[in-house]
Amino acid sequence: MSSDFRLPPSTVIPPSAPTTPAAAVAARGAEAISMALQLLRPIDAALLPEGEKISAEVIQSSPRANGSGQFEVLLRLAQGTATSAPATLPASSPQPLTTGTQLVVQALTQTQLMAVLQPASSAPASEPLTRLDPAQFPPGSALQARVLSQQPVTDNAGQQVAFAVLAKIVQGAATGSLLQLTSSQPVEPGTRLNANVGAQGELRVLASSAQQRQLDLLQGLRSTLQSQASSEPLFNRLDQLQASPRDLPAIPALQRAIAQVLQQVTTAQQLTTADGVANAIKQSGLFLEPNLAKIAESLVAQSAAKQAANPTAPAGAVDAASQPAGTLQRALPALDKLLPLLASLSTPGAPEPLAGVDLKGTLVNLLITLQQQLPPGSLNALNLPPGPWQQASQAAAQQQLKPGMFPLPTRALQALGENNDLGSLLRLTAALLSRIQHHQFQSLGQTQSFADGSTQTTWQLEIPMRDGHQFNHVQLRIERETPPPSAKQAEPTPQWEVRLSFNLDELGNLQAIARLRKDKVSSEFWAEQATTLKLVNNELTQLRDRLLAKGLDVGELSCHRGTPPPPRQALQQTWIDEVT
């Protein structure tokens, strides 16, 4: 989040006073105009309930390239409920429609809509809002506004210090109302601002660079979600191949790569200790890229030290002082050489894992080794099958793409056959890598810095574990919220939340949530099976005693049937809709 935009400190609307939406912008003349629109995708008709009329807004309009005189328009349907996301609808119009035009649409057939352009309202516009009414804009709620105008703001010396921005709310509470904002940077009229409301009623607006970052993250989320699969099928197959070497091609590099992957799988016994859990998190693959960057920085620093100690060194030696930060990776060997080297140096069960040796690194090494053993032409036929959400409706797909989705559903690839061929092994490896990358994107998408100085950092990962010959996994989500600094507390105490998700054969789906607030720990358990709920509830007294024995201040411990509410979302849902 960016602090470039904020509401002025003046108070025009008291917190308890209702706000009055401004009059809608005129779309056409004083009378409503009807027209027929053609849907470009018949499946989109499912987004419109049969016989119902829905408000919509034109967000894009352009003439068709074929010279037919038709115009392609993109409609944003009004949000139906507090939990449903607004959908976009591409259509063809016989006449141009200005961006921002308000419509009422109704599906006539699977390919045709009836659209009624809304007439302008003669009601006078209200005064711009300079304070958000908490009844209409509760903390965490999202809104979208379009910039109408901006004016420079100067100080007493005539120096420009900010820009006064007038914007209109186009989505969210009080749609149509005007907002008076101040910005440290110029904002072009017509710019769409995406924001959510902070805990103190402040408006948190994404800067353009942050918006682009969010778009990139959402594209990564969508791609990895469609191609991911769970870890158990791959580990079961690798374990079978290792137990029956005759089923595996006699390729030493491939045998080593398989062994290195299985060495990274944590045992259930290791997860019973604090050090074992810490090492499992470090080796989950979530931190591979920053660890490789640290190795590169270390190599560059060593090279600089050698150069300083021996000024007569050959000119070809690395000169770290003259290298920009963006070229640190040049100090590293190629990835297909580095990862096998790091994995060969690791010691399974070591007290401290070697930086850069983790599950993702060994999977990448296995993937490269498999690719080297397959004919180049065969790789084109190894695309992953379509994900289960690709056949779902657009609305369902949008819901599945929501950042912060936890836990990530279990999924196994279909139609791989029973043969232990290298092609199937490659596909399983690539699918598990996509699953790890999806967790990484989820973590990045939920890590934010806010305008008031507060921060939210999220780590979402998956820890595969082995119990004898059985493989399973536990999903883990760690969130740290740091309040803004204050005069009383320059370094405020962070608040922590840890979520665990298990899917065990006997217990079924089980989730646990632990929270640490001001040195007090509380926990809640959610189970889908009644027998599991009863079992966990019987153990709560023992859990409380063990927490107290650790010197912790214990708050509420509770059990619930079903699944917990999803984590609070920091990433704007609006950008998911636009990407989808």
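Worth saying up front: this structure is predicted, and the values here are computed from it rather than measured.

A. Highlighting the environment of His560. You can see His560 is positioned in strand E20 (residues 553-561). Under the relative-accessibility criterion, His560 is labelled partly exposed at 28%. Residues contacting His560, with those up to four places away along its chain left out, are Glu524, Phe525, Trp526, Ala527 and Leu533.

B. Quick look at the environment of Thr458. Topologically, Thr458 is positioned in strand E15 (residues 455-467). Residues Thr458 and Gln440 lie 18 residues apart in sequence; the distance between their C-alpha atoms is 9.8 Å. Setting aside anything within four residues of it in sequence, one finds Thr458 in contact with Ser443, Gln446, Thr447, Arg477, Ile478 and Glu479.

C. Geometry of helix H7 (residues 359-373). Spanning 15 residues, H7 covers 21 Å between terminal C-alpha atoms, matching the ideal 21 Å at 1.5 Å per step. For H7, the tally of buried residues reaches 12 of 15 residues, placing the bulk of the element in the interior. Listed as buried for H7 are Leu359, Lys360, Gly361, Thr362, Leu363, Val364, Asn365, Leu366, Leu367, Ile368, Thr369 and Leu370. N-capping of H7 is provided by Asp358, with a side-chain oxygen placed 3.2 Å from the backbone N of Lys360.

D. A look at helix H2 (residues 232-243). Its 12 residues place the ends of H2 16 Å apart at the C-alpha level, agreeing with the 16 Å of an ideal helix rising 1.5 Å per residue. Every buried residue of H2 is listed here: Glu232, Leu234, Phe235, Arg237, Leu238, Asp239 and Leu241. Residues of H2 that are buried make contact with helix H3 (252-263), H7, helix H9 (422-446), E15 and strand E16 (470-482).

Reading guide: rules and limits
Residues numbered from 1 in each chain as written. Predicted model: local features only at pLDDT ≥ 70, side-chain atom pairs only at ≥ 80, totals over all residues. Heavy atoms only, no water. Helix = DSSP H or I, 4+ residues; strand = E, 2+ residues; numbered from the N terminus. Buried < 20%, exposed > 50% of the residue type's maximum accessible area, 1.4 Å probe, protein only. Contact = heavy atoms within 4.5 Å. Expected span 1.5 Å × (residues − 1). Polar contact = N/O pair within 3.5 Å; in protein donor to acceptor, adjacent residues only side chain to side chain.

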